[in-house]
Amino acid sequence: MPSTDNWLEKLSAAVGPKGFSVDTANISPWLTDWRGRYTGKAAAMLSPASTEEVSAIVKIANEYEIPIVPQGGNSGMVGGATPDNSGQSILLSLRRMNQIREIDAENQLAVCDAGVILQNFHEALEPHGQRFPLTLGGKGSATIGGLVSTNAGGTQVLRHGTMRALVAGTEAVLPDGSIYRGLAALKKDNRGYDLKQLLIGGEGTLGIVTAATLRTCPMLVDRCVAWIGIESPQAAYRLFQFLNAAESRYLEGFEVVPASCLDAVLRHIPATRSPLESTTPWNALIEIVRDQPNAQDPRQMMENLLAEAFEKNLAMDATIASNETQAEAFWKLRDSISEAERADGPALQHDISVPVHKMADFISNAGSEIETAFSGTEVAAFGHMGDGNVHFHVKGPDGVQPRQWMDQNALAITPMVHDLVLQYGGSISAEHGIGQTKRQELARLSDDAQLLALRSIKAALDPKNIMNPGKLVPLASYRPAP
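Just so we're clear, the structure is a prediction, and the values are computed from it rather than from any experiment.

**What to know about the sheet that holds strand 5 (residues 100–104)**
The strands making up a sheet are joined through hydrogen bonds of the backbone, oriented either antiparallel or parallel. Ordered by their spatial adjacency, five strands build an open sheet running 5-6-10-8-9, and the pairing between neighbours is antiparallel. Looking at the sheet topology across the chains shown, the edges are occupied by strand 5 and strand 9 (179–182). Each strand of the sheet is rotated relative to its neighbour by a mean of 15°, with strand direction disregarded. Pairing between strand 6 (residues 109–113) and strand 10 (residues 208–215): five bridges, direction antiparallel. In the sheet register, A110 faces strand 10, and the bridge partner there is L214. Each of strand 5, strand 8 (167–173), strand 9 and strand 10 touches helix 3 (residues 51–64); the most contacted strand, strand 8, lies at about 45° to it. Running over the sheet, helix 4 (residues 118–125) touches strand 5, strand 6 and strand 10 and is turned about 40° from strand 5.

Next up, the structure:
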């Protein structure tokens, strides 16, 4: 490798003093992932202010074969934005690229730079009578570029789909520094392979997303949120089937929460309280919305549906949020589960998906199998009933040393969880991506065709392997011999 000083000088010149830092104090906070599982090193942190500056950076990196690790809000769950320990990578922060270029309310489209924070985007749309129908617990730090690159999901996938459904176009810098200008929102485009879809969920391994054209929808007229006590995951699925058959056009959220997760939130998250006076084994958080003035009142709709649900013995107890403040309080309970569980003790967290109609049985059966195989563990499974996404957490026994327990048990528990997922026809990554965490498991559990496609596309577009190396695409040596 040529002298570090040589290419660092060129990179510094490409972005200017505001966009270049080798100061350890500035870089250090961005070298550890959100979960605290990975810490790496970087030769410098680059913070470009435009797509052209990103292009200049990548051209230099391509010339000198310098690994690039793109990063948005650094709120990912699988170590996908953390460099390795070599110290030869450059950390490419997109946070300075935070402009909303256009909001076209008439056509329900918006164009955003990659560094736009999700919550800021939500707030910017409000004066235009629009909203972006994707939200998640980390909306205050997650960026548009990161959401595109990981194909994020969130709690509204049931009605609106993942980022793949919400991205109408992308702009990106490819590994040679060329700029892919694909922001046009075309309904028909038959010019061969869809590079946009390769970049969505590509985790920065094929190019750096610098902007996206996003689909918006009308701002809500109002909504109704209910918290419902149920007896089992199977009861939750029956309730979901009933509600979805009755009002699929307006059912925007259906989350399942076990009593153990609710208890953890109530213990560790200030200013939270249980919505129900009774204690039920499981809970469902349901949201029905109205985004057209002439649509039915969602509260009346919810009351009618719940009355019928009780007649059909689909619920044990229920309460409806009386105002927006209470609705937000209900959602806070769901959004705070991961934070509460971190305070509650060590847990191996698995973001997986199974077919919707198998989700309830998976939660019950897989949870029992893991708890039987690993004495003292407790499974907390919660998530999005409408799209089959299960957040499957295996909590360690009381009194164990967190890091020691996780290091000792991850190599046994996680493969068993993933094997069970495949038995149900599911995926080992529902919405968080592969990153570093699941790369070896992806190799172990994927068929030859999938691995061939992943490795071939990566090699063709990024032959020097400078784009986020060590993420998503499994090494050939990971595949165990038959």
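There is more to say after this.
**Details of the sheet that holds strand 3 (residues 68–71)**
The four strands are arranged 1-2-4-3 in an open sheet whose pairing can be described as mixed. The open sheet is flanked by strand 1 (20–21) and strand 3, the only strands paired with a single partner. Alignment of strand 2 (residues 44–46) against strand 4 (residues 90–93), held across three bridges, turns out to be parallel. Opposite M45, over in strand 4, you have L91 as the bridge partner. This element, helix 3, spans strand 2, strand 3 and strand 4 of the sheet and lies at about 165° to strand 4.

**Section: the packing of helix 10 (residues 259–268) against helix 13 (residues 337–344)**
Contact geometry of helix 10 with helix 13 gives a least axis separation of 8 Å together with a crossing angle of 75°. The pairing of helix 10 with helix 13 is recorded here as roughly perpendicular in orientation. Contacts between helix 10 and helix 13 pair C261, A264, V265, R267 and H268 from the former with I337, A340, E341, A343 and D344 from the latter. Considering only residue class, the contact of helix 10 with helix 13 consists of six nonpolar, one polar and three charged.

**So, the pairing of strand 4**
Side-chain alternation along strand 4 places I90 and L92 on one buried face and L91 and S93 on a second face that is also buried. Both strand 3 and strand 4 contribute to a ladder of four bridges, which runs parallel. Directly across from I68, in strand 4, lies its bridge partner I90.

**Overview of the nonpolar core**
Counting residues in hydrophobic clusters, the biggest one holds 52 residues, and the most contacted among them are I228, L239, F254, I286, F362 and F392. If we ignore the near neighbours within four places in the chain, the residues touching F254 are L158, A236, L239, F240, L243, A284, L285, I286, G383, H384, M385 and G386.

**Some words on a nonpolar patch on the surface**
Together, L198, I457 and L461 make up a nonpolar patch on the protein surface, roughly 190 Å² of accessible area in all. L461 gets classed as partly exposed once you look at its relative accessible area, which sits at 32%.

**Some details on the pattern of salt bridges**
All chains considered together, the criterion is met by 21 salt bridges. R131 is the salt-bridge partner of E252, the closest N and O atoms lying 2.8 Å from each other. Of this pair, E252 sits in strand 13 (residues 251–258) while R131 sits in strand 7 (residues 130–131); the two residues are 121 residues apart in sequence, bridging distant segments of the chain. As far as burial versus exposure is concerned, E252 and R131 are alike and both buried. The structure contains a network of salt bridges with shared partners spanning R131, R159, E252 and D291.

**Focus: the environment of E126**
In this structure, E126 sits in the loop between helix 4 and strand 7. The partly exposed category is assigned to E126, whose relative accessible area is 44%. Residues E126 and M219, spaced 93 residues apart in sequence, show a C-alpha to C-alpha distance of 7.0 Å.

**Here we look at the packing of aromatic side chains**
Going through the model one piece at a time under the given rule, you end up with six aromatic pairs. Taken together, a centroid distance of 5.5 Å and an interplanar angle of 75° make the contact between F240 and F254 edge-to-face. Of this pair, F240 sits in helix 9 (residues 233–247) while F254 sits in strand 13; the two residues are 14 residues apart in sequence, bridging distant segments of the chain. On the numbers, 5.5 Å between centres and 55° between planes, the contact of F362 with F392 is tilted. Taken together, the residues span a long stretch of sequence, with F362 in helix 14 (residues 359–373) and F392 in strand 18 (residues 389–395) at a distance of 30 residues. Residue classification places F362 among the buried positions, given a relative accessible area of 0%. Taking relative accessible area as the criterion, F392 reaches 0% and is therefore assigned buried. The ring of W30 is capped by R95, whose NZ or CZ atom sits 3.4 Å from the centre of that ring.

**A closer look at the packing of helix 9 against helix 14**
Helix 14 packs onto helix 9 with a crossing angle of 170° between their chain directions and a minimal axis gap of 8 Å. Of the possible angle classes, the one that applies to helix 9 and helix 14 is roughly antiparallel. Facing P233, Q234 and Y237 of helix 9, the residues of helix 14 in contact are A360, D361, I363 and S364. Considered class by class, the residues forming the contact of helix 9 with helix 14 number four nonpolar, two polar and one charged.

Calculation rules
Residues numbered from 1 in each chain as written. Predicted model: local features only at pLDDT ≥ 70, side-chain atom pairs only at ≥ 80, totals over all residues. Heavy atoms only, no water. Pairing = 2+ DSSP bridges. Helix = DSSP H or I, 4+ residues; strand = E, 2+ residues; numbered from the N terminus. Axes fitted to C-alpha atoms, helices over the stretch in contact; angles between N-to-C directions. Contact = heavy atoms within 4.5 Å. Parallel < 35°, antiparallel > 145°, perpendicular 65-115°, else oblique. Nonpolar A, V, L, I, M, F, W, Y, C, P; charged D, E, K, R; others polar. Buried < 20%, exposed > 50% of the residue type's maximum accessible area, 1.4 Å probe, protein only. Core = buried A, V, L, I, M, F, W, Y, C linked by side-chain atoms within 4.5 Å. Patch = residues over 30% accessible without salt bridge, like charges linked within 9 Å, V, L, I, M, F, W, Y side chains within 5 Å. Areas by Shrake-Rupley, 256 points an atom, 1.4 Å probe, with all protein chains shown as cover. Salt bridge = Lys/Arg side-chain N within 4 Å of Asp/Glu carboxyl O. Phe/Tyr/Trp six-rings, centres within 6.5 Å; stacked < 30°, edge-to-face > 60°. Lys NZ or Arg CZ within 6 Å of the ring centre and 35° of its normal.

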